[in-house]
Amino acid sequence: MRRAAVILAALLAAGCDGPPPAVRLTLETDLAMPAELDEIHVLAAASRTEAGQICGPTSRGFRLSATDALPLRLVIERGETYTVWVWARIEGFAGGRRILAREVVHAWPDEGVTEVTVRLERACVDRTCGAADQCIEGSCRPLQMPGLLDDAERIDADRPCSGDTP
Amino acid sequence: MTKRVPCRSWFGFLASALCFGLPPAEAQTDAEVEAQRLFESGVAASTAGDAAGAAEAFERSHALFPHPGTLKNLAASLETAGRAAESWRAWNELLDRYGAVISEAARAEAQARAAALDQRLARVVVTSNPAGAQLEVDDRPAGTASPDAPLRLEPGEHRFTARLEGREAATRTANLAAGDNPPLAFELPFAVASFGTLRVESPTAGATATIDGGSAEALPLSCELEAGEHEVRLEAPGHLARVERVLIEPGTPVRLELEVETATPTTPGGEGGGFWDGPWPWVIGGVLAAGLAGGITAGVLLAPGEPVAGDWRVRMP
């Protein structure tokens with residue numbers, strides 16, 4: 001009986017915990033779907049240091065087969081280790097060709113959900129910026145974490161960001 | 001002999017050049033102020049007969065604030081210090097960079113000095129296959145290997161190293177005489193150790209893989225890739241594309257077996273269309289529900305923990 005009470009208390013405590021802090025990316029576009037934008041790839045990772053020491057990025061592709069396929073909402077939940085900031089790269093494709101990309105870096109909230117909207121803009125289609133820049137509203141602006149994936153030492157290869165990533 | 005006439009003759013030129021060439025002190029940047037300090041230090045060293053020290057000061061000054069006067073003084077100091085090859089390069093740099101702005105007399109003198117030095121130097125053409133290797137002579141950078149630009153070096157033994165990305169570096173030693181020398185040709189083989197093997201497999205019928213944006217290849221696929229990170233994009237009819245990044249290390253085979261998800265649903269459109277990417281929250285929920293089925297209502301436990309709606313959910317470690 002006493003043991004059952006302990007288990008019950010533990011279960012109640014677990015049940016009262018809210019969802020983990022998260023960043024929700026809402027992807028929008030002014031491009032026509034699927035004529036001008038028919039696929040999106042999202043690459044996501046989180047860092048355990050300010051300078052950037054990330055888990056092995058996880059990815060997901062989305063086919064945009066309907067005119068109202070966007071906005072798309074991506075919820076990235078904070079874990080126990082990579083708790084400094086979250087990073088995502090969103091790449092837009094048309095006919096298998098990458099036409100634009102955006103990167104966002106955002107600190108985790110202490111609790112609750114932080115909403116981040118990313119617009120995949122017509123003004124940035126096929127716009128070439130330098131390696132340390134990205135196109136936002138048609139202009140090249142500095143990336144917050146340039147070359148994050150170019151340095152293998154900044155990626156914890158043995159620690160994938162998603163359990164289902166090999 | 002150490003107090004060279006050329007050095008002294010430059011001072012007047014340099015003083016006037018600096019007066020006109022450098023901005024007033026209040027407008028100078030830190031680099032410009034430091035350049036002027038180094039320049040004055042070089043003049044002092046030269047006056048004291050320390051040609052090597054003067055050359056070092058002028059070189060640092062010129063790096064901070066390029067100026068024909070400083071470069072001219074550097075060339076003269078190097079010559080006084082007995083570093084003929086470097087002096088020849090400095091005179092030629094003066095002509096190349098500032099030939100249009102220095103006086104005719106200064107230009108003629110630079111040409112004469114460069115020509116006189118050239119007579120004492122060893123000339124050697126260094127080429128590489130493939131072309132474009134970066135050269136080092138005696139462990140110091142010496143530009144790009146080119147059949148059109150013979151290197152000028154002090155006569156004697158020198159160690160040449162050619163480097164090109166993706167190729168093995170090659171090193172040779174040659175004893176050079178003054179004047180023209182036989183050319184040095186470097187063959188740079190592929191750096192085998194900088195490649196690794198990637199094999200991509202998938203149980204999904206008809207799956208293809210695209211590596212680094214290239215053409216789609218049927219699976220299984222094996223290829224040699226340069227060491228570093230590569231992007232593998234897996235596609236199959238009726239399935240969602242999947243993109244993975246893989247790190248290739250030299251000489252280490254990597255095997256990537258990937259499944260792709262069926263493309264249903266593609267992009268949920270409604271508010272209630274969210275789905276879970278990871279199973280754990282629901283597994284835990286199921287355990288809770290089962291454990292509490294004897295008397296506790298699941299709603300009491302689950303209501304505070306409602307997840308945020310989303311079309312893709314991922315939990316970071």
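What you see is a predicted model, and the numbers here were worked out from it, not measured in a lab.

Draft legend 1. Representation of the overall build of chain B within the structure. For chain B, the helix and strand inventory stands at eight helices and 16 strands. Within chain B, the proportion of its 317 residues that are buried is 41%. The long-range fraction of contacts in chain B, counting pairs at least 24 apart against all pairs at least 6 apart in sequence, stands at 52%. Carbon and sulfur atoms provide 56% of the accessible area of chain B, an area that totals close to 16300 Å².

Draft legend 2. Broad picture of helix H2 (residues 30-47) of chain B. All names here are of chain B. The terminal C-alpha atoms of H2, which comprises 18 residues, lie 26 Å apart, in line with the 26 Å expected from a rise of 1.5 Å per residue. All of the buried residues in H2 are Glu32, Ala35, Leu38, Phe39, Gly42, Ala45 and Ser46. Across the axial projection of H2, the buried residues extend over an arc of 135°, all falling on one side. Positive backbone phi, approximately 90°, marks glycine 49, located one or two places after H2.

Draft legend 3. Highlighting the pairing of strand E3 (residues 140-144) of chain B. Residues and elements named next belong to chain B. Judged from the three bridges that link them, strand E2 (residues 134-137) and E3 form a sheet pairing that is antiparallel. By the bridge assignment, glutamine 134 is partnered in E3 with threonine 144. Where E2 folds back onto E3 in an antiparallel hairpin, the turn is made up of two residues, including aspartate 138, whose phi is positive at roughly 55°.

Draft legend 4. Region of the structure containing the sheet that holds strand E9 (residues 195-201) of chain B. Residues and elements named next belong to chain B. Within the open sheet, the three strands sit side by side as E12-E9-E15. Their pairing is mixed. Both edges of this open sheet fall to strand E12 (221-226) and strand E15 (254-257), since each of them pairs with a single strand only. Put simply, the sheet's adjacent strands are angled 25° from each other on average, direction ignored. Relative to E12, E9 runs antiparallel, the two sharing six bridges. Looking at E12, one finds that valine 200 is bridged to leucine 221.

Draft legend 5. Highlighting the state of the cysteines. Residues and elements named next belong to chain A. Throughout the structure, instances matching the rule amount to three disulfides over all chains. Between the sulfur atoms of cysteine 124 and its disulfide partner cysteine 135 the distance amounts to 2.1 Å. Where cysteine 124 bonds to cysteine 135 through sulfur, the torsion about that S-S bond is close to -80°, and the disulfide is left-handed. Taken together, the residues span a long stretch of sequence, with cysteine 124 in the loop between strand E8 (113-120) and strand E9 (133-136) and cysteine 135 in strand E9 at a distance of 11 residues.

Draft legend 6. View of the sheet that holds E3(B). All names here are of chain B. With respect to topology, four strands assemble into an open sheet ordered E3-E2-E5-E6, the strand pairing being antiparallel. The open sheet terminates on both sides in strands that have one partner only, identified here as E3 and strand E6 (170-176). Between one strand axis and the next, the sheet turns through 30° on average, direction left out of account.

Draft legend 7. A look at the pattern of salt bridges. Per the stated rule, a full pass over the model turns up 28 salt bridges over all chains. In this structure, the salt-bridge partner of A:Arg141 is A:Glu137, at a minimum N-O distance of 3.1 Å. Judged by relative accessible area, which is 54%, A:Glu137 ranks as exposed. It is possible to trace a salt-bridge network through shared partners that takes in A:Glu39, A:Arg63, B:Arg233 and B:Glu235.

Draft legend 8. Up close: the packing of helix H3 (residues 51-64) of chain B against helix H4 (residues 68-80) of chain B. Residue and element names in this part refer to chain B. Interhelical geometry of H3 versus H4 gives an angle of 155° and a closest axis separation of 8 Å. Here H3 is positioned roughly antiparallel relative to H4, judged by the angle of their axes. With respect to the hand of their crossing, H3 and H4 are arranged in left-handed fashion. Across from Ala51, Ala54, Ala55, Phe58, Glu59, Ser61 and His62 in H3, the residues of H4 making contact are Thr70, Leu71, Asn73, Leu74, Ser77, Leu78 and Thr80. The class makeup of the residues in the contact of H3 with H4 is seven nonpolar, six polar and one charged.

Draft legend 9. Looking closely at the nonpolar core. Counting residues in each nonpolar core, the largest one holds 43 residues, and the members touching the most others are A:Leu25, A:Leu27, A:Leu37, A:Ile40, A:Ile90 and B:Met316. Of all elements in the fold, only strand E1 (22-29), strand E2 (39-47), strand E3 (54-56), strand E5 (72-77), strand E6 (85-94), strand E7 (97-107) and E8 of chain A together with strand E16 (312-315) of chain B reach the threshold of two or more residues within this core. Of all the elements, E2(A) adds the most residues to this core, at six residues. In contact with A:Leu27, not counting residues within four places along its chain, are A:Ile40, A:Val42, A:Leu70, A:Pro71, A:Leu72, A:Leu74, A:Ile90 and A:Val118. Counting 24 residues, the second-largest nonpolar core is a separate cluster that includes B:Ala76, B:Ala84, B:Trp88 and B:Leu94.

Draft legend 10. Seen up close, the packing of aromatic side chains. Residue and element names in this part refer to chain B. Counting across every chain of the model gives two aromatic pairs over all chains. The interplanar angle of 55° and the centroid separation of 5.5 Å between the aromatic rings of phenylalanine 39 and phenylalanine 58 together place this pair among those described as tilted. One end of the pair, phenylalanine 39, is in helix H2; the other, phenylalanine 58, is in helix H3, with 19 residues separating them in the sequence. The pair formed by phenylalanine 39 and phenylalanine 58 is uniform in burial state, with each residue classed as buried. Here the guanidinium or amino end of arginine 172 rests over the ring plane of phenylalanine 186, the centre of that ring lying 5.6 Å away.

Draft legend 11. Representation of the confidence of the model for chain B in the model. Residues and elements named next belong to chain B. Residues at a pLDDT of 70 or more form 74% of chain B, whose mean pLDDT is 77. Across chain B, the element-wise mean pLDDT spans from 37 in helix H1 (residues 5-21) up to 95 in strand E5 (residues 156-163). Low pLDDT, under 50, characterises residues 264-278; the predicted model gives this stretch 29 contacts beyond four residues in sequence or across chains. The model gives residues 287-306 a pLDDT under 50, and that stretch makes 19 contacts with residues more than four places away or in other chains. Scored as a complex, the prediction yields pTM 0.40 and ipTM 0.83.

Draft legend 12. Representation of the pairing of strand E4 (residues 58-63) of chain A within the structure. All names here are of chain A. Where burial is concerned, most of E4 is hidden: five out of the six residues are buried. For E2 and E4, the ladder comprises six bridges, and the chain directions are antiparallel. Pairing of valine 42 across the sheet is with arginine 60, part of E4.

Draft legend 13. Spatial organisation of the packing of H2(B) against H3(B). All names here are of chain B. Taken N-terminus to C-terminus, the directions of H2 and H3 make an angle of 160°; their axes are 8 Å apart at the nearest point. Taken together, the axis directions place H2 and H3 in an arrangement best described as roughly antiparallel. Along this stretch, H2 crosses H3, giving a crossing that reads as left-handed. For the pair H2 and H3, contact is made by Ala31, Glu34, Ala35, Leu38, Phe39, Ser41, Gly42, Val43, Ala45 and Ser46 and by Gly53, Ala54, Ala57, Phe58, Arg60, Ser61 and Leu64, respectively. Here the contact of H2 with H3 is composed, by residue class, of 10 nonpolar, five polar and two charged.

Cut-offs applied
- Residues numbered from 1 in each chain as written.
- Chains lettered and ligands numbered in written order.
- Predicted model: local features only at pLDDT ≥ 70, side-chain atom pairs only at ≥ 80, totals over all residues.
- Heavy atoms only, no water.
- Helix = DSSP H or I, 4+ residues; strand = E, 2+ residues; numbered from the N terminus.
- Buried < 20%, exposed > 50% of the residue type's maximum accessible area, 1.4 Å probe, protein only.
- Contact = heavy atoms within 4.5 Å.
- Areas by Shrake-Rupley, 256 points an atom, 1.4 Å probe, with all protein chains shown as cover.
- Expected span 1.5 Å × (residues − 1).
- Arc of directions from axis to C-beta.
- Pairing = 2+ DSSP bridges.
- Axes fitted to C-alpha atoms, helices over the stretch in contact; angles between N-to-C directions.
- Disulfide = S-S within 2.5 Å.
- Salt bridge = Lys/Arg side-chain N within 4 Å of Asp/Glu carboxyl O.
- Parallel < 35°, antiparallel > 145°, perpendicular 65-115°, else oblique.
- Left-handed = near helix turned anticlockwise from the far one by under 90°.
- Nonpolar A, V, L, I, M, F, W, Y, C, P; charged D, E, K, R; others polar.
- Core = buried A, V, L, I, M, F, W, Y, C linked by side-chain atoms within 4.5 Å.
- Phe/Tyr/Trp six-rings, centres within 6.5 Å; stacked < 30°, edge-to-face > 60°.
- Lys NZ or Arg CZ within 6 Å of the ring centre and 35° of its normal.
- pLDDT = per-residue confidence, 0-100.

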